[in-house]
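The residues making up each chain are set out below.
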Amino acid sequence: MTHDPGSALLNAALDAATRGWHVFPLRPGTKRPALHGEGTCPRTGPCTGGHRKWEARATTDPDRIRAAWSTAPFNVGIATGPSGLLVVDLDMPKTNSPESKGSSDAPGGAATFGALCERAGHAVPDTYRVRTASGGEHLYFSAPHGIRLANTAGTIAPLVDTRGWGGYVVAAGSHTPTGPYEPLGAPEAAPLPGWLQSILRPAPRASAAPSAAVSAQSGRYADVALASEVWNVASAQRGLREGSLFRAARALGRFVAWGDLPRHVVEQALQEAGEAAGLTVAECRSTLRSALDWSIAHNQQGRGHTA
């Protein structure tokens, strides 16, 4: 019997949809969306009221899926945000990347993520996974309710990215010239671990600021600083953990003083990161209280007058 790639890809799209994952077509044999762009939008059909991008047009409707995949052997894209997913992308090192330093023995995303899990005192989560065409892996997690997690690049660890709102992944069953995307591991996506969520969780915006433009810029910088410091604490080696937590609290205290980050958000994120690194609850609380108090007191003059 002749293998029908179009039928297999349709089944892959329908299988993803039965899991509640919103799918859309990718160009045959590629990872690029097959839907039209804004510049060529006909403003008809789904776009009658204005151009709708792939994230908005992704669907779980089996009739729409059958209609789309009947026209060509499209690969399958999963819009992670609407699907309630946070996917951890464990990439392979590129031979010309800074991480590889020209060596084929450079650790990939799976190795660095495994090392992070070990330092945090957790096993690598058992969840639905997909081996990518390049030899990397996608780890699927159900995203927590009420928290909108966006894409990240290297926030968790080198060669470890995430896909949430605004992102998508290539589904199992798809093929590129490099190879297939194949399902691995557990049959279902596990909930996102709390310690990992603490690294990725965005900080709420301050309620008041001098202007909208300054607020957006400073708030974004504060979010990046928070994510970076949480990663530094969670990945700190034994003997360096308390010092890393102290330095992180000192660094982030200025954003609390300036109104860019609420103190309770900083305390909770660093508390969870410190505990994940191996510190006790009491050690974290004591270090955070003294370091934040000092930093806030010494940064009351505002931006440009840091101590």
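Structural notes, computed from the coordinates. (Residues numbered from 1 in each chain as written. Predicted model: local features only at pLDDT ≥ 70, side-chain atom pairs only at ≥ 80, totals over all residues. Heavy atoms only, no water.)

This part is about the environment of C41. Position of C41 relative to the elements: it lies in the loop between β1 (23-26) and α2 (54-57). Exposure remark for C41: the relative accessible area of 12% places this residue in the buried category. Remark: the alpha-carbon pair of C41 and R52, spanning 11 residues in sequence, is separated by 8.7 Å. Setting aside its immediate chain neighbours within four residues, C41 contacts H36, C47 and H51. (Helix = DSSP H or I, 4+ residues; strand = E, 2+ residues; numbered from the N terminus. Buried < 20%, exposed > 50% of the residue type's maximum accessible area, 1.4 Å probe, protein only. Contact = heavy atoms within 4.5 Å.)

For the coordinates displayed, the defined rule picks out eight aromatic pairs. Both rings, one in Y128 and one in Y140, keep their centres 4.9 Å apart while their planes meet at 90°; by these two values the pair is edge-to-face. Residue Y128 is found in strand β4 (residues 128-131), and its partner Y140 is found in strand β5 (residues 137-142); the two are separated by 12 residues along the sequence. Across the pair, Y140 and Y128 agree in class, each one buried. (Phe/Tyr/Trp six-rings, centres within 6.5 Å; stacked < 30°, edge-to-face > 60°.)

A few words now on the pattern of salt bridges. Taken as a whole and judged by the stated rule, the model has six salt bridges. One salt bridge in this structure joins D15 and R19, with 3.6 Å as the shortest N-O distance. You can call D15 partly exposed: its relative accessible area is 40%. Take R19: its relative accessible area is 30%, and that puts it in the partly exposed class. (Salt bridge = Lys/Arg side-chain N within 4 Å of Asp/Glu carboxyl O.)

Residues lying three or four places apart along an α-helix face the same way, a consequence of the helix completing one turn every 3.6 residues. Taking 1.5 Å as the rise per residue, helix α7 (residues 241-257) with 17 residues should run 24 Å; its terminal C-alpha atoms sit 24 Å apart, in good agreement. Listed as buried for α7 are R241, S244, L245, A248, A249, L252, G253, F255 and V256. Phi turns positive, to about 85°, at G259, one or two residues after α7. (Expected span 1.5 Å × (residues − 1).)

Further remarks concern the sheet that holds strand β8 (residues 168-170). As summarised here, the arrangement of the three strands in space is β1-β2-β8, forming an open sheet in which the pairing is antiparallel. In this open sheet, the two strands that pair with only one neighbour each are β1 and β8. The mean inter-strand angle of the sheet, taken between neighbouring strand axes irrespective of direction, is 35°. Here β1 runs beside strand β2 (residues 75-79); their pairing, made up of four bridges, is antiparallel. The residue bridging V23 from the neighbouring strand is I78, located in β2. (Pairing = 2+ DSSP bridges. Axes fitted to C-alpha atoms, helices over the stretch in contact; angles between N-to-C directions.)

With that out of the way, let us pick up the environment of L261. Turning to its location among the elements, L261 is positioned in the loop between α7 and α8 (263-277). L261 sits in the buried class, given a relative accessible area of 2%. For the pair formed by L261 and L226, sequence separation is 35 residues and the distance between their alpha carbons is 8.8 Å.

For β2, the tally of buried residues reaches five of five residues, placing the bulk of the element in the interior. Burial along β2 is two-sided: N75, G77 and A79 and V76 and I78, pointing in opposite directions, are all buried. Where β2 lies against β8, three bridges are found, and the strand directions are antiparallel. Across the sheet, the residue bridging to A79 is Y168, located in β8.

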